[in-house]
Amino acid sequence: MNTRPPLLFALHGTEDYAARVARHMGLELAEHEERLFEDGEHKTRALTAVEARSMIVFHALYGDDERSVNDKLCRLLFFCGALKDAGARNVQVVVPYLCYARKERRTQYQDPIITRYVAALFEACQVDRLTTLEVHNVAAFDNAFRIPTRHIECAELFAEHFAPLADETELVAVSPDAGGAKRVESFRRALERRTGRTVTSAYMEKYRSNDIVTGGMLVGDVRQRTAVIVDDLISTGGTLLRAAQACRNAGAREVHAAAAHGLFNGGPEVLENPALDGLVVTDTVSPFRLDPALVARRLTILDSSTMVAAALAAEYG
């Protein structure tokens, strides 16, 4: 029986996150090199012997100022294939943020289902398992992959953060659309367990067609309560602000929001909007699109690496 611990690799841009996971596991990151050639092609190879060892490869798949999401995905896939070619016993990929998770169904005639195609790419490169945090649609994620997957929810992490608010007021968990009702229900239950108090729920109606969002009815009572809006990610922030303003109009005492992944493609507008009393994200995506001073003043970033480390440690002992 192979009792050696797994080797942990972190591709460029995810080193800090992976290093924190490694510390929680009592391990260090293994060495590798990444080379970029003049024509834009690249290669990544391990500098540590991998034969007969278990691998864990970290890479957050979001585009940034250095590399596009497609470039990151391609580098990750090629590296996993190289590890298997070098004799790695098994390769697990940890992607704190999984790209293309929102394109999991057809909304128009002849639409692609890109989540399924991404899954096929991982399978083709002989990845043995994939771990990620808070995908857009858990059922679609599970159905897309034919390899074992692990989905880590952020409900407990958010509940721990917002539980102290229950000492001052009644809380209501709010979904910005009906599709996120299960995510909010998980958060609501976690909040009740931590506070020992009843937490109600509400949701916004929302219809999207060709990137045009309609619907503005809030279902549920938020009057004189502190509303906590929970979503999987913030892109432009438009959906979140619609829900926040609806809660304000319905008489909410305070309005807070939480999302696992803060992409902030729309810039600082969501942070600067007075409809929100506070905004919380996790550290799966770096807030590189925002001014650091604004981040320090208006954004709370929660550490998710402990949850990931706990899940991996339970698997590898």
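The structure contained in this document is the topic of the report that follows. Worth saying up front: this structure is predicted, and the values here are computed from it rather than measured.

### What about a nonpolar patch on the surface?
Consideration 1: Residues Y203, M217 and V219 make up a contiguous nonpolar surface patch of roughly 250 Å² in combined accessible area.
Consideration 2: Take M217: it is sitting in the loop between β11 (212–214) and β12 (218–219).
Consideration 3: The exposure class assigned to M217 is partly exposed, which follows from its relative accessible area of 49%.

### With respect to the sheet that holds strand β1 (residues 7–10)
Each strand in a sheet pairs with its neighbour through backbone hydrogen bonds, running either in the same direction (parallel) or in the opposite one (antiparallel).
Consideration 1: Ordered in space as β1-β4-β5-β6-β7, the five strands form an open sheet in which the pairing is parallel. Both edges of this open sheet fall to β1 and β7 (149–152), since each of them pairs with a single strand only. On average, each strand axis in the sheet is inclined to that of its neighbour by 15 degrees, with strand direction left out of account.
Consideration 2: In the sheet, β1 pairs with strand β4 (residues 54–58) via four bridges, with the strands oriented parallel. Bridge assignment links L7 to a residue of β4, and that residue is M55.

### Digging into the sheet that holds strand β9 (residues 200–204)
Consideration 1: Taken in spatial order, the seven strands of this open sheet run β12-β9-β8-β13-β14-β15-β16, and their pairing is mixed. Lying at the two open borders of the sheet, with one neighbouring strand each, are β12 and β16 (299–302).
Consideration 2: Looking at chain direction, strand β14 (residues 254–262) and strand β15 (residues 278–282) are connected through four bridges and run parallel. Its bridge partner being in β15, A259 is matched across the sheet by V281.
Consideration 3: Packed on one face of the sheet, helix α6 (residues 181–195) meets β8 (171–175), β9 and β13 (226–234) and runs near 160 degrees to β8.
Consideration 4: Contacting β8, β9, β12, β13, β14 and β15, helix α7 (residues 238–249) runs over the sheet at an angle of about 170 degrees to β13.

### Structural notes on empty space enclosed by the protein
Consideration 1: A full pass over the atoms with the stated rule returns one cavity of 30 Å³ or more.
Consideration 2: Volume-wise, the largest cavity comes out at about 70 Å³.
Consideration 3: Y97, L98, Y100, A101, R102, L133, E134, V135, H136, D232, L233 and H261 are the residues that line the largest cavity.
Consideration 4: For the lining of the largest cavity, a count of residues per class yields seven nonpolar, two polar and three charged.

### A few points about the pairing of β15
Consideration 1: Within β15, five of the five residues are buried, which leaves it mostly tucked inside the rest of the structure.
Consideration 2: Neither face of β15 is left uncovered, since the one carrying G278, V280 and T282 and the one carrying L279 and V281 both have all their residues buried.

### Things to note about unusual backbone geometry
Consideration 1: Phi at Y100 is positive, roughly 60 degrees, even though this residue is not glycine.
Consideration 2: Residue position: Y100 is located in the loop between β5 (90–95) and α3 (114–124).
Consideration 3: Even without being glycine, Q110 reaches a positive phi, approximately 65 degrees.
Consideration 4: Looking at where Q110 falls in the secondary structure, it is placed in the loop between β5 and α3.

### Thoughts on the packing of helix α1 (residues 15–25) against helix α10 (residues 305–316)
Consideration 1: The N-to-C vectors of α1 and α10 enclose an angle of 50 degrees; their axes lie 8 Å apart at closest approach. As judged from the angle between their axes, α1 and α10 are oblique. Here the hand of the crossing between α1 and α10 comes out right-handed. Residues Y17, R20, V21, H24 and M25 of α1 touch α10, and the partners they reach there are S305, T306, V308, A309, L312 and A313.
Consideration 2: Considered class by class, the residues forming the contact of α1 with α10 number seven nonpolar, three polar and one charged.

### Thoughts on the packing of aromatic side chains
Consideration 1: As enumerated under the stated definition, the model contains five aromatic pairs in all.
Consideration 2: With centroids separated by 6.4 Å and ring planes inclined at 35 degrees, the aromatic side chains of F122 and F145 adopt a geometry described as tilted. Here F122, found in helix α3, pairs with F145, found in the loop between α4 (138–144) and β7; they are 23 residues apart in sequence, far enough to count as distant.
Consideration 3: Under the relative-accessibility criterion, F122 is labelled buried at 0%.
Consideration 4: Among the aromatic side chains, those forming a connected cluster through ring pairs are F122, F141 and F145.
Consideration 5: Above the ring of Y62, the side-chain terminus of K72 is found at 4.1 Å from the ring centroid.

Reading the values: the criteria
- Just so you know, the residues in each chain are numbered from 1, in the order the chain's sequence is written.
- Predicted model: local features are reported for residues with pLDDT of at least 70 only, side-chain atom pairs are reported and counted for 80 or more only, and whole-chain, interface and lining totals are derived from all residues.
- The basis for the side-chain values is all heavy atoms of the structure; hydrogens and waters are excluded.
- Residues with no salt bridge and a relative accessible area higher than 30% make up the patches, which join like charges within 9 Å and nonpolar side chains (Val, Leu, Ile, Met, Phe, Trp, Tyr) within 5 Å.
- Areas reported here follow the Shrake-Rupley algorithm with a probe of radius 1.4 Å; residue values treat only the protein chains shown as occluding.
- A carboxyl oxygen of Asp or Glu within 4 Å of a side-chain nitrogen of Lys or Arg is what we treat as a salt bridge.
- Counting from the N terminus, the helices are DSSP H or I runs at least four residues long and the strands are E runs at least two residues long.
- Burial status follows relative accessibility: with a 1.4 Å probe on protein chains alone, a residue under 20% of its type maximum counts as buried, one over 50% as exposed, and anything between as partly exposed.
- At least two bridges found by DSSP between two strands are what make those strands a pair.
- Angular values range over 0 to 180 degrees, each being the angle between N-to-C directions of two axes fitted as lines to C-alpha atoms, with helices fitted over their stretch in contact.
- Working rule for contacts: check all heavy atoms of both residues, and any pair within 4.5 Å makes them a contact.
- Here a cavity means grid points, on a 1 Å grid over the protein atoms only, where a 1.4 Å probe fits yet cannot get out; a pocket means an open set of points with protein on both sides within 12 Å along at least five of seven lines; lining residues are those with an atom within 4 Å of a point.
- Grid points are joined across faces, edges and corners, and a volume is the space filled by probe spheres set on the points.
- Amino acids outside the nonpolar list (Ala, Val, Leu, Ile, Met, Phe, Trp, Tyr, Cys, Pro) and the charged list (Asp, Glu, Lys, Arg) are all regarded as polar, and Gly is one of them.
- These descriptions rest on fixed angle ranges, namely under 35 degrees for roughly parallel, over 145 for roughly antiparallel, 65 to 115 for roughly perpendicular, and the rest for oblique.
- The hand of a helix crossing depends on one turn: near helix anticlockwise from the far one by less than a right angle means left-handed, and clockwise means right-handed.
- Two rings from Phe, Tyr or Trp (for Trp, the six-membered ring) form a pair when their centres sit within 6.5 Å of each other. Planes less than 30 degrees apart are called stacked, planes more than 60 degrees apart edge-to-face, and all others tilted.
- Charge-over-ring placement is defined geometrically: NZ (Lys) or CZ (Arg) within 6 Å of the ring centre, and within 35 degrees of the ring normal.

Geometric values such as these leave the question of function open.
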